[in-house]
Amino acid sequence: MMNTIRSKQTLIIAAVILLSVFLFTRDIKGLVKPKKETSGVPAGGQLTSAGSTINLTEVSTAAKNSINANLAAEITTLENAYKTASEDQKVNAAKVLAEKWDDVEQAVPSALYLEIIAGKERNLNSWLAAGGRLMKAFDNTQDSLISPVLLQKANAAYTNAVALDSTNLEAKTGLGITVVNGMGAPMSGIAILLDVIKKDPDNLKANMSLGTFAIKSGQFDKAITRFNGIIAKKPSPDAYFYLATAYENLGKNKEAVEAYLNSKKLAANPTLSNFIDKKVAELKTKN
C-alpha cells in the first residue's frame, strides 16, 4: 500500500517537473503550476521576516547577465534615468523599466517595478498589474530564496486590490491563487476560488488553480472533472497534460494516452513531445 502511494507521489512530481520545464519556454496565461509548499511559510500564513526582501539591484544585475549586452546597456541607461528622476517623474520612469524588462522576458525585475508603481499610485489597476506580474515571476523562477518572497508580494498586491474592490473577480482570483500556492492556509484559498467560480463558472485561472491543487492533493477524480471542463471551453496543452496525469494516476491508461497526445499536438514543443512519446509507449505496454 505504502509503495503504491509513494509511486503515485513520484509520478506526480515527475510530471510536474517536466511540465514546468516545458512551460518555462512559453507564456501561458492563467496557469499556476503545482509547486512544493513554499519554504518559510508557517501555519499562520505569513512568511518569516528572514529573507523577506528582494534586492532590486542584485536582481537587475543577474537579469542583465542573461540577456544581450546591448539590451543590458539600454536598461542600465533607463535605470540611471529612474534613479535621477524627480519624485513626480519616478512612476513614469518605473513604467518604462517594467515594460522593458517584460519585453526581454525578465519577469522578476519587471514585477518589482510594477510593485513600486502600485505603491505610489495605489489604485486597483496598478495593484492588479503588480499582482499578475509577481505571480508570473513566482511561476517562472527557479530561485528557492526569492520564490516565497514573490508569492508574499503577490499576495499583498491582490490583498490591496480586494480592499479597493471586493467584487473584482480578477483580484479575488489572484488572491485565492496566492493562498493556495503556499501562504499557509490552502483551504482558505480554495474557498475564495470556489466563490469566484460560483460567480464566473468559466474563469480559467480559478479553474486551473483548483485543478492543479486537486492533483497535488491526490484528488484525481476531481482533477479530471475540472480539466475536462476547462478543455471543453478552451483546450490547451497544459490542461491536457494535467488531465493525462490525473488519468494515469487512476490507471486509466487509454484515456491518459489520448490526453497526452492532445497535449503534444497543441504544444508542438520538442521537449514535451519527446517526453510524451516515451510516456505513451510506456502506457501502451500496460494496456
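Residues numbered from 1 in each chain as written. Predicted model: local features only at pLDDT ≥ 70, side-chain atom pairs only at ≥ 80, totals over all residues. Heavy atoms only, no water.

**Student:** Honestly, the packing of aromatic side chains in this entry has me stumped. Any pointers?
**Tutor:** Aromatic ring pairs: the centre-centre distance and the angle between the two ring planes describe each pair. Summed over all chains, the structure comprises 4 aromatic pairs. Look at Phe 227 and Tyr 242: their rings are 5.5 Å apart centre to centre, the planes differ by 20°, and that puts the pair in the stacked class. Note that Phe 227 is positioned in helix α11 (residues 220-233) and Tyr 242 in helix α12 (residues 237-249), a separation of 15 residues in sequence. What makes Phe 227 buried here is its relative accessible area of 0%. Plain terms: the ring middles of Phe 241 and Phe 275 are 6.0 Å apart, the flat faces sit at 35° to each other, and that makes the pair tilted. One end of the pair, Phe 241, is in helix α12; the other, Phe 275, is in helix α14 (residues 270-284), with 34 residues separating them in the sequence. Residue classification places Phe 275 among the partly exposed positions, given a relative accessible area of 23%. Within the aromatic cluster, the residues linked to one another by ring pairs are Phe 241, Tyr 260 and Phe 275. One Lys or Arg, Lys 90, reaches over the ring of Tyr 82 and ends 4.5 Å from the middle of that ring. (Phe/Tyr/Trp six-rings, centres within 6.5 Å; stacked < 30°, edge-to-face > 60°. Helix = DSSP H or I, 4+ residues; strand = E, 2+ residues; numbered from the N terminus. Buried < 20%, exposed > 50% of the residue type's maximum accessible area, 1.4 Å probe, protein only. Lys NZ or Arg CZ within 6 Å of the ring centre and 35° of its normal.)

**Student:** When you look at helix α5 (residues 107-121) in this model, what are you seeing that I'm missing?
**Tutor:** Helical periodicity: at 3.6 residues per turn, an α-helix aligns residues three or four positions apart in one direction. The end-to-end C-alpha separation of α5 is 21 Å, in line with the 21 Å expected for 15 residues at 1.5 Å each. Where α5 is concerned, the buried positions are Ala 107, Val 108, Pro 109, Ser 110, Ala 111, Leu 112, Tyr 113, Leu 114, Ile 117 and Ala 118. Buried-residue contacts for α5 involve α2 (56-64), α3 (69-84), α4 (90-103), α6 (124-140) and α7 (147-164). Arg 122 lies just past α5 and shows a positive phi near 50°. (Expected span 1.5 Å × (residues − 1). Contact = heavy atoms within 4.5 Å.)

**Student:** What is the right way to look at the confidence of the model for the protein in this model?
**Tutor:** Atom-level detail of predicted coordinates should not be read off regions where pLDDT is low. Confidence along the protein averages 85 in pLDDT terms, with 82% of residues attaining 70 or more. Here residues 20-51 scores under 50 on pLDDT; set against residues more than four positions off or in separate chains, the count is 75 contacts. (pLDDT = per-residue confidence, 0-100.)

**Student:** I would appreciate a short explanation of the side chain of Thr 212 in the present structure.
**Tutor:** For Thr 212, the location among the structural elements is in helix α10 (residues 204-216). Classification of Thr 212 as buried rests on a relative accessible area of 4%. Here the side chain of Thr 212 touches Ser 209 through a polar contact of 3.0 Å, landing on its backbone oxygen. (Polar contact = N/O pair within 3.5 Å; in protein donor to acceptor, adjacent residues only side chain to side chain.)

**Student:** I keep staring at the pattern of salt bridges and nothing clicks. Help me out?
**Tutor:** A side chain of one charge can pair with a side chain of the opposite charge if their charged atoms are brought near each other. A complete count under the given rule lists 13 salt bridges for this structure. Residue Lys 64 pairs with Glu 79 through a salt bridge whose shortest N-O separation is 2.8 Å. A residue pair is termed long-range when its members are at least 10 positions apart, and Lys 64 in helix α2 and Glu 79 in helix α3 qualify at 15 residues. As far as the burial class goes, Lys 64 and Glu 79 line up, both buried. A salt bridge links Lys 279 to Glu 248; the shortest N-O distance between them is 3.0 Å. Of the two residues, Lys 279 is situated in helix α14 and Glu 248 in helix α12; the sequence distance between them amounts to 31 residues. With respect to burial, Lys 279 and Glu 248 carry one shared label: buried. A cluster of three or more residues bridged by salt bridges with shared partners is formed by Asp 102, Arg 133 and Lys 136. (Salt bridge = Lys/Arg side-chain N within 4 Å of Asp/Glu carboxyl O.)

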